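Observations on chain architecture
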Amino acid sequence: MDLRTDSPYWLMKNGFLYSYPSLRESLAVDVVVMGGGITGALITYQLAKAGIPVLLVDKRKIGMGSTCASTALLQYEIDTPLSQLSQYVGAKHAARSYLLCVEAIDKIEKIARDINSRAGFKHCKSLYYASRRKDVAEMKKEYELRKALGISLDFWEEAQIKSTFPFSAPAALLSHQGGQIDAYKFTHELLQNAQKNGALVFDDTTVIQLNHHARGVKLTTEHGNIIKAKKLIIASGYESQAYISQKVVDFNSSFAVVSEPFPDPELWYQNCLIWETARPYLYMRTTDDGRVLVGGKDEPFYSPSKRDALNKRKATQLTQAFLTHFPDLPFRADFEWAGTFAETRDGLPYIGTIQERPHTYFALGFGGNGIVFSLLASEIIRNALTGRVDKDAKIFGFERL
């Protein structure tokens, strides 16, 4: 599956951080993880830390699918607002989903600290502004619902936005819990740590066949090597749909642009994350090397050729959108790319098992806060494999289909 254009910023910035071998022999292991992006890396890290023999394979180089094209915002805010999510999954599960995402950001920070990460984790506030005046009533409702859960946020009127930013909006929610990271570098750091705890990592290894048996799963690679495992975890991102007969996601094309570095360390109010109520939404963040990343202008299709042909025009549109908000910041595009983006009907991830794939777990963390969902998946799957009861697992299960 063609997931992105060439030359995303994180790949250009970091290059090939570490090398991993391709699989050249047949092996048996307790758990095999398919997918070497941020999701597979978090799962492998958690399992290795728990003492579970685990092997990870990826058909590409590690982190070079969607992960190196990620904009890597860490948000507790699910793409589906809390009030709407309650209509899909019920108020109790909707509220718990939001709170789990709040906790997940702190857990990512702890992991980054534990492994001495240099992937630029940073806590950031998040400004979610009303794109249209008619969105204000819904935003006030959203504020009350989140506040009732104990989530730390403020409701900003138009005057406060005008006095703080060079643009105006009818209203905004300023959340105090958010973050950002370099997902590509973090993926490599997680796997380097996992290897120290016994994990095996192979890239350039394409699995061409899966066979499910009474006691486990057999994977066959394109070169004829066999991996036998008691459990399989499919963490192949947007390509995971190929292993599920029922449709679980809709594919979109998304676009991003990164500026040249700015000399000032603070470009706007506390360098907070910025996004809006419109769908598809525009979003903006800074990077740890003083750049601005702007993304959005999504298109509802999966067509790599059509997506790539739009890349230049979309980059220009994103640049103009930024300058509309920040006319005094001389934004000059330095990197631009496009990628495939997927979303579920309710905005929640799919984590768990399905009947058609015995001994197999799926970790499908889609949407604008996919990294946060990946952290949740890593914990839910680790708990399942270590025999711990996880009362939150059913929130994200396939049963809700």
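Below or above, wherever it landed, is the structure these notes cover. (Residues numbered from 1 in each chain as written. Predicted model: local features only at pLDDT ≥ 70, side-chain atom pairs only at ≥ 80, totals over all residues. Heavy atoms only, no water.)

**Topic: the overall build of the protein chain**
Short version of the rule: Strands here mean DSSP runs of E at least two residues long; helices mean DSSP runs of H or I at least four residues long; both are numbered from the N terminus. As a reference, a globule follows 2.2 Å times the number of residues to the power 0.38, and the radius of gyration itself is taken over C-alpha atoms. Only protein chains enter the accessibility calculation, which uses a 1.4 Å probe; a residue is then buried when its area is under 20% of its type maximum, exposed when over 50%, and partly exposed in between. The contact criterion used throughout is that any non-hydrogen atoms of two residues lie within 4.5 Å. Only the protein chains shown count as cover for residues, with accessible areas throughout obtained via the Shrake-Rupley method and a probe of 1.4 Å. Note that His is not counted, nor are the chain ends; the positive residues are Lys and Arg, and the negative ones are Asp and Glu. Where a charge lies is defined by one atom per residue type, namely NZ (Lys), CZ (Arg), CG (Asp) and CD (Glu).
When helices and strands are tallied, the protein chain shows nine helices and 19 strands. A compact globule built from 401 residues would reach a C-alpha radius of gyration of about 21 Å, and the protein chain, at 21 Å, matches this within 12%. Along the first, second and third principal axes, the C-alpha atoms of the protein chain reach 65 × 45 × 40 Å. Classification of the 401 residues of the protein chain by burial places 58% in the buried group. Taking contacts inside the protein chain between residues at least 6 apart in sequence as the whole, the part at least 24 apart equals 76%. Entry remark: accessible area of the protein chain is about 16,600 Å², with carbon and sulfur atoms responsible for 48%. Within the protein chain, the 44 negative side-chain charges are centred at a point lying 4 Å from the centre of the 48 positive side-chain charges.

**Describing the environment of Thr 221**
Examined against the element boundaries, Thr 221 turns out to sit in strand β11 (residues 216-221). For Thr 221 and Arg 24, which are 197 residues apart along the polypeptide, the C-alpha to C-alpha distance reads 9.6 Å.

**Here we look at the state of the cysteines**
Which entries qualify depends on this criterion: Disulfides are defined in this document as cysteine sulfur pairs within 2.5 Å.
Under the defined criterion, the tally for this structure stands at zero disulfides. With no disulfide of its own, Cys 272 has Cys 124 as its nearest cysteine by sulfur position, at a separation of 8.3 Å. Taking the relative accessible area as the measure of exposure, Cys 272 reaches 0% and is therefore buried.

**Notes on unusual backbone geometry**
Of note, the amide linkage connecting Arg 279 to Pro 280 takes the cis form, showing an omega dihedral of -5°. The phi torsion at Gln 270 lies on the positive side, around 55°, for a residue other than glycine. By the element assignment, Gln 270 lies in the loop between β13 (250-259) and β14 (273-276). The phi torsion at Asn 271 lies on the positive side, around 45°, for a residue other than glycine. By secondary structure assignment, the location of Asn 271 is in the loop between β13 and β14.

**Thoughts on the pattern of salt bridges**
Counted only if it meets this: Each reported salt bridge corresponds to a side-chain nitrogen of Lys or Arg within 4 Å of a carboxyl oxygen of Asp or Glu.
For the coordinates displayed, the defined rule picks out 19 salt bridges. Residue Glu 336 is joined to Lys 312 by a salt bridge in which the shortest nitrogen-to-oxygen separation is 3.1 Å. With Glu 336 in strand β17 (residues 333-343) and Lys 312 in helix α8 (residues 304-325), this residue pair connects regions lying 24 residues apart in the sequence. Of the charged contacts in the structure, one is a salt bridge between Arg 400 and Asp 346, with a shortest N-O distance of 2.6 Å. Taken together, the positions of Arg 400 in the segment after α9 (370-385) and Asp 346 in the loop between β17 and β18 (350-352) put the pair 54 residues apart, joining distant regions of the chain. Sharing partners across several salt bridges, the network here consists of Lys 59, Arg 60 and Glu 239.

**Digging into the sheet that holds strand β7 (residues 171-175)**
Hydrogen bonds between backbone groups are what pair the strands of a sheet, and the pairing can be parallel or antiparallel. The criterion, for reference: A strand pair is defined by DSSP finding two or more bridges across the two strands. The axes used here are C-alpha line fits, helices contributing only the stretch in contact, and every angle between their N-to-C directions lies in the interval 0 to 180 degrees.
Pairing is mixed across the open sheet formed by eight strands, whose spatial order is β6-β7-β5-β14-β15-β16-β13-β17. Sheet topology places β6 (153-157) and β17 at the edges, where each strand pairs with a single neighbour. Adjacent strand axes in the sheet meet at a mean angle of 20° when their direction is disregarded. Where strand β15 (residues 283-286) meets strand β16 (residues 292-299), four bridges bridge the pair, whose relative direction is antiparallel. Across the sheet, the residue bridging to Arg 285 is Leu 293, located in β16.

**Quick notes on α9**
Owing to its 3.6 residues per turn, the α-helix aligns residues three or four sequence positions apart on the same side. Here is the rule we go by: Every helix has an expected span of 1.5 Å times one less than the residues it contains.
With 16 residues, α9 should cover 22 Å at 1.5 Å per step; its first-to-last C-alpha distance of 22 Å lies within 8% of that length. Of all 16 residues in α9, 14 are buried; the element is thus mostly enclosed. One or two residues past the end of α9 sits Gly 387, with phi positive at roughly 80°.

**Let's talk about helix α7 (residues 183-196)**
Stated formally: Any N or O atom pair separated by 3.5 Å or less is treated as a polar contact, with the protein-specific requirement of one donor-capable and one acceptor-capable atom, and with residues adjacent in sequence counted only for side-chain atom pairs.
Here α7 spans 20 Å end to end across 14 residues, near enough to the 20 Å set by a 1.5 Å rise per residue. Counting buried residues along α7, 10 of its 14 residues qualify, which places the element largely inside the surrounding structure. Among all positions in α7, only Ala 183, Tyr 184, Phe 186, Thr 187, His 188, Glu 189, Leu 190, Leu 191, Asn 193 and Ala 194 are buried. Measuring from the backbone nitrogen of Tyr 184 back to the side-chain oxygen at the start of α7 gives 3.2 Å, which picks out Asp 182 as the cap. Within two residues after α7, Gly 198 carries a phi angle of roughly 100°, on the positive side.

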